Amino acid sequence: MANEIFKVGTIKANVSTRKTPINNTNIQFTTQDSGTAKLVFEIMKDGAPLPLSSAATVKIFLQMGDGAVFEKEAYIVDPINGIADYILQEEIEHSGSAKGEINVYYSNGQSMGVSKFSFYVDRALKDLAFAPVVPGPGTGGMNEMPLFVVEEEWEGSTNITKQFAKGMYGFAVINKGEAALTVRIGTFDIKVDAGEAFEQLFKPFREIVIEASGSYKALVTAPYDNKSTSPNPAPAPADPGPVDTTPPNNVTNLQAGAIKETSLTLSWTASSSSDVAAYEVYRGSTLLATVTSALYNVTGLTKLTQYTFTVKAKDNAGNVASGTSLTVTTAVPADPVDTTPPAVTINPAAGTYTGQQSVSFSVNETADIYYTTDGTTPTTSSKKYTGPFIVSATTTVKYFAKDTAGNSSAVQTAVYTINVQPGDTTFPEVSIVPAAGTYSAAQTITLSANEAADIYYTTNGSTPTTSSTKYTAPFTLSASATVKFFAKDTAGNSSAVQSVAYTINIDTGTPTVPADGSLFDNFNRANSGSDVGSMLTGQAWGKPADSVYGISNGQLYLVSKSGAAPHYRKAVTVQAPAADYVIQVTMSKMDIASTTDAVMIRYVDTNNLIALLKLSGIWTIAKVVDGTYSQLKQAGAYPPAENDRVKIENKSDGTINVYLNDVLAMSATDTALISSKIVGLGTDSMNTRFDDFKVSALANDNVSPLLTITPLGGSFASSQTVTITADKSAKIYYTTDGSTPTEQSNVYSGPLNLTQDTQVRAVAKDSKGNQSLFKAVFFTKSNPATLVSDDFNRADASVLGSATTGQAWNVTAGTWGISGNQMTTPGANAAAWVDAGTSNVKVSAILQAAADSGLLLRFKNDNNYFRIVRVASSVYFQKKVDGTMNTVQIISSSLAVGDKLSVVANGPAIEVFKNDVSIFTTTDASFLDSTKHGITALNASKFDDFKIEHL
């Protein structure tokens, strides 16, 4: 609107790594500043304004004086000078001392905490919640306020509920403790920080609740009664009557709409109670807002993330209902819609030529090019361009392109007039030296033609024309580039455009040798087909007898192999510098699905070793002892890829931790060959390339702590004890309100005791600053109930019928039935399932035959589900997606007749149990909307005591 008027409070916010106190401003608004209270933020960094580009979002987080919490987005007023502002809306209704925090978020995932600040919202006289006092005659009218006196004062240090014989109007408290205390009066919840005081008038109240863990002093007041000797005493207020302690009824039909990447709208049917004053909206255990309507817009969410929201009705007496909850997952970012047509270029340009021409097209994106040479307008039914074509007579070429989004360019026309002259009609041939490839030094490029001709070229990837650079002498490439070129002879004949790519990796000098005693080799030395040489740190590589390794373009490779297979066991080796050590290497190039590549962890000889293998497309920890091969662990969830960064920790207690691209992929423990400190690299493929090999003492390595939260989420009846541990000495920070833990969060000192729905988040950081990955685990307080149960105690049959609890069994294939009061399965891949109505379940059954079969979890259809199956002597956790079965983990635990197999799925957290002992945990958010679970069979088998329990 025009001529807007604001009360402006300016806050200077500085990005700094120094510890700075809260910016306690002298800014004060009142509860009557509706739409006029504006906060202006001047954001600085390193003494200069912080530019706020279009990729930046400024958010403020406010905690008002009565405890209400808001998350809002500020408006960027001046992006160059780092100025943003925010006009207080519903926040202005919450009086008292307010605290805030301003942060900057960027579209690439980065964010910065900027500054904390405070301001004050004074409750205007118009908004005071006390009963009006009728002035006495001749007292000055409405300007005269009643006289209030102290009715009771007390001190305490624990939680207390105090009730009064008559209505009180005023309350004051001084918090002498070291932690915040909370006060509830009617519908008001007041938070008083340590060392602070609070004083306010209210509507008459007879009860007050204080929650405190430290010392405080409080008092209550009421108007002076008629016993006063004052000639005009204030009349006593009416007694409020009996105290209401009954909570209102819960809201119903809680729904989420307009679900986007970072926001959604909650709506509900109002509580049926007649005395509802407001509704409290929670995200997890965090209060987002208190509203009076049955609608709330939630912002500040993260895309593709699951949230639980709860709405609680609150009455005029301050009683709060238990709440109605809803779990929602935010939207996946929508792919940008491509509406831009492709741009097509023809070469050579239209014109008059004395000889035939080789015509080619190029386009600026992936697209099909259609053309005609007879003057007609091309369509998608016309000839599709696949390569240069010859124009030997006057021709009209019409053409257009259509990209993968369906956008078509305009039809263009190029007319070639060919005036053929007697004589030369042969295209020139152009050669380039050196050939395309990867080089470790700058290259001199030479172009030549087999006849007199002009050669034109580009080095920026564009298609050359006769307007491009004409070749006159050899030129140098000192960086990677694509050279495109063609020649045109004196008769006007033009050759086709050729393209040659060069990759230039120049070694800019000898890398710094590690100062911590590590062994390091980047293989940046002269190419050799017969010798590896010595490491950068000086150690000589041990060489195998039957295989030859060499250096190619700064990488290690297998030159030749001979003798008996397997050849990967014939490795180049060095000795680690300590008993506990870390191996690091980059797998620059691999044949993913075939051949075997090895990083030797403990090496004695070809018949005695422990190694990380890239084995048939799966990373595997394997051992060979006296020639006998066995597998310790596989990481099916982390398929190999070129340029994988591998890190392996080997400890003297037998522990082996494998990290793939900085993520812990698998762990195993085996003390075989523990005395060996020989490490190395091996392969049976001459295409494999290794790079940047390093071995260092574990104490000197930057190893992140491995964090574990036990148990891995789930439900509990009355209380739940949660422990958080790290695999090395580290400080653990945690939160229980769903927020991300920081160094300002709670420091873990002992087991947590949970009594309500809680999201525990934690991170560990050691003394060297190495930080673990963040972990989040969900716990739900509920009363587990059996949803489906089947003991199969019914007559033998060739169908399953219905479960003991009445649900119908469904099968995908084969003959399933009942025999001897047990379930029988067919002898082929098949599944039987029942609909439990929820995806958060515990599924269990007892195996009654030693055959390959197991449990079915979150069965969406034949092509999408989880299964946990016995396969020979192991248990496989597998996931089928769009018809492709993937082995996520091979668990080294066999199943025998009489064993109970169970799986617990709570949101994305999944845990597998054998005889109620955990054998595997993982996190996977797939198929969360599927409520079908059951039995899966690979071969004919039998089961008993099938059960699905609600979490």
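About the thresholds
Residues numbered from 1 in each chain as written. Predicted model: local features only at pLDDT ≥ 70, side-chain atom pairs only at ≥ 80, totals over all residues. Heavy atoms only, no water. Helix = DSSP H or I, 4+ residues; strand = E, 2+ residues; numbered from the N terminus. Rg over C-alpha atoms; globule rule 2.2 N^0.38 Å. Buried < 20%, exposed > 50% of the residue type's maximum accessible area, 1.4 Å probe, protein only. Areas by Shrake-Rupley, 256 points an atom, 1.4 Å probe, with all protein chains shown as cover. Core = buried A, V, L, I, M, F, W, Y, C linked by side-chain atoms within 4.5 Å. Contact = heavy atoms within 4.5 Å. Pairing = 2+ DSSP bridges. Axes fitted to C-alpha atoms, helices over the stretch in contact; angles between N-to-C directions. Polar contact = N/O pair within 3.5 Å; in protein donor to acceptor, adjacent residues only side chain to side chain. Salt bridge = Lys/Arg side-chain N within 4 Å of Asp/Glu carboxyl O. Phe/Tyr/Trp six-rings, centres within 6.5 Å; stacked < 30°, edge-to-face > 60°.

Caption draft 1: Structural context of the overall build of the protein. Each helix and strand in the protein was counted, giving zero helices and 76 strands. Taken against the 2.2 N^0.38 rule, which gives 30 Å for 951 residues, the C-alpha radius of gyration of the protein at 38 Å runs more than 25% over that of a compact globule. When the 951 residues of the protein are sorted by exposure, 44% land in the buried category. Accessible area of the protein: about 44,700 Å², with a carbon and sulfur share of 49%.

Caption draft 2: Structural view of the nonpolar core. Membership of the largest hydrophobic core comes to 49 residues, with the highest contact counts inside it found for Leu39, Ile43, Leu88, Ile102, Phe119, Trp268 and Phe309. Residues in contact with Phe119, not counting those within four places in the same chain, are Thr25, Ile27, Phe29, Leu39, Leu62, Met64, Leu88, Gly96, Ser97 and Ala98. Tyr581, Ile601, Trp619 and Met666 belong to the second-largest nonpolar core, a separate cluster that totals 40 residues.

Caption draft 3: Summary view of the sheet that holds strand S17 (residues 252-257). Read across the sheet, three strands follow the order S17-S18-S21 without closing on themselves; strand pairing throughout is antiparallel. Looking along the sheet, the strands with just one partner apiece sit at the ends: S17 and strand S21 (295-298). If you compare each strand with its neighbour and ignore which way they point, the axes differ by 15° on average. In this sheet, S21 lies alongside strand S18 (residues 264-269) in antiparallel orientation, the contact comprising four bridges. Bridge pairing links Ser267 to Leu295 in S21.

Caption draft 4: Fine view of the environment of Tyr603. Tracing the sequence through the fold places Tyr603 in strand S45 (residues 596-605). Note: C-alpha distance between Tyr603 and Lys728 (125 residues apart in sequence) is 26 Å. Those residues in contact with Tyr603 that lie beyond four places of it in its chain are Arg569, Lys570, Ala571, Thr573, Asn608, Leu609, Ser676 and Ile678. Of note is the side chain of Tyr603, whose polar atom sits 2.7 Å from the backbone oxygen of Arg569.

Caption draft 5: Quick peek at the pattern of salt bridges. Summed over all chains, the structure comprises 26 salt bridges. Here Asp368 ties to Lys384 by a salt bridge, and the two come within 3.8 Å at their closest N and O atoms. With Asp368 in strand S27 (residues 367-372) and Lys384 in strand S28 (residues 383-384), the pair connects residues that are 16 residues apart, well separated along the chain. Judged by its relative accessible area of 33%, Asp368 is partly exposed. What you see here is one network of salt bridges that share partners, running through Arg184, Asp189, Glu280 and Lys314.

Caption draft 6: Up close: unusual backbone geometry. Along the chain, Val433 connects to Pro434 via a cis peptide bond; the corresponding omega equals 0°. Of note, Pro434 is situated in the loop between strand S32 (430-433) and strand S33 (437-439). Omega for the peptide link from Ala565 to Pro566 comes to 0°, which places this bond in the cis form. Within the secondary structure, Pro566 is located in the loop between strand S42 (555-561) and strand S43 (572-575). The phi torsion at Asn821 lies on the positive side, around 60°, for a residue other than glycine. Here Asn821 is to be found in the loop between strand S64 (817-819) and strand S65 (822-824). For Asn821, a relative accessible area of 35% translates into the label partly exposed. Phi at Arg858 takes a positive value of approximately 50°, unusual for a residue other than glycine. Here Arg858 shows up in strand S68 (residues 853-861). On the basis of relative accessibility, which here comes to 0%, the residue Arg858 falls in the buried class.

Caption draft 7: Just the side chain of Thr824, in detail. Inspection of the secondary structure puts Thr824 in strand S65. Not counting chain neighbours up to four residues away, the residues in contact with Thr824 comprise Thr815, Trp816, Gly817, Ile818, Ser819, Ser941 and Lys942.

Caption draft 8: A look at the packing of aromatic side chains. This structure, assessed with the given rule, holds 30 aromatic pairs. Between Phe361 and Tyr385, the aromatic rings sit 5.0 Å apart at their centres with planes inclined by 85°, giving edge-to-face as the arrangement. Taken as a pair, Phe361 in strand S26 (residues 357-363) and Tyr385 in the loop between S28 and strand S29 (389-391) lie far apart in primary sequence, 24 residues in all. The same class applies to Phe361 as to Tyr385, namely buried. Judged by centre distance (6.0 Å) and plane angle (25°), the rings of Trp833 and Phe859 are stacked. Taken together, the residues span a long stretch of sequence, with Trp833 in strand S66 (residues 830-835) and Phe859 in strand S68 at a distance of 26 residues. An identical accessibility class is assigned to Trp833 and Phe859; each is buried. Put simply, the rings of Phe361, Tyr371, Tyr385, Phe389 and Tyr399 pair up and form one aromatic cluster.

Caption draft 9: Region of the structure containing the environment of Ile656. Checked against the element boundaries, Ile656 lands in strand S50 (residues 655-660). Note on Ile656: relative accessible area 0%, which makes it buried. When the C-alpha positions of Ile656 and Thr669 are compared, they lie 6.0 Å apart, and in sequence the two are 13 residues distant. Here Ile656 is in contact with Ile601, Arg602, Ile610, Ile621, Ile648, Glu649, Asn650, Met666, Ser667 and Ala668, once residues within four sequence places are set aside.

Caption draft 10: Inspection of the side chain of Ser118 at higher detail. Examined against the element boundaries, Ser118 turns out to sit in strand S10 (residues 111-122). In this view, Ser118 contacts Ile22, Asn23, Asn24, Thr25, Ala98 and Lys99; residues no more than four positions away in its chain are not counted.

Caption draft 11: Quick look at the sheet that holds strand S25 (residues 351-353). If you trace the five strands from one edge of the open sheet to the other, you get S25-S31-S30-S27-S28, paired in mixed fashion. Only two strands of the sheet have a single neighbouring strand rather than two, namely S25 and S28. As paired elements, S27 and strand S30 (residues 395-403) share six bridges and run antiparallel to each other. Across the sheet, residue Tyr370 finds its bridge partner in S30, namely Phe400.

Read these as spatial facts, not as claims about activity.
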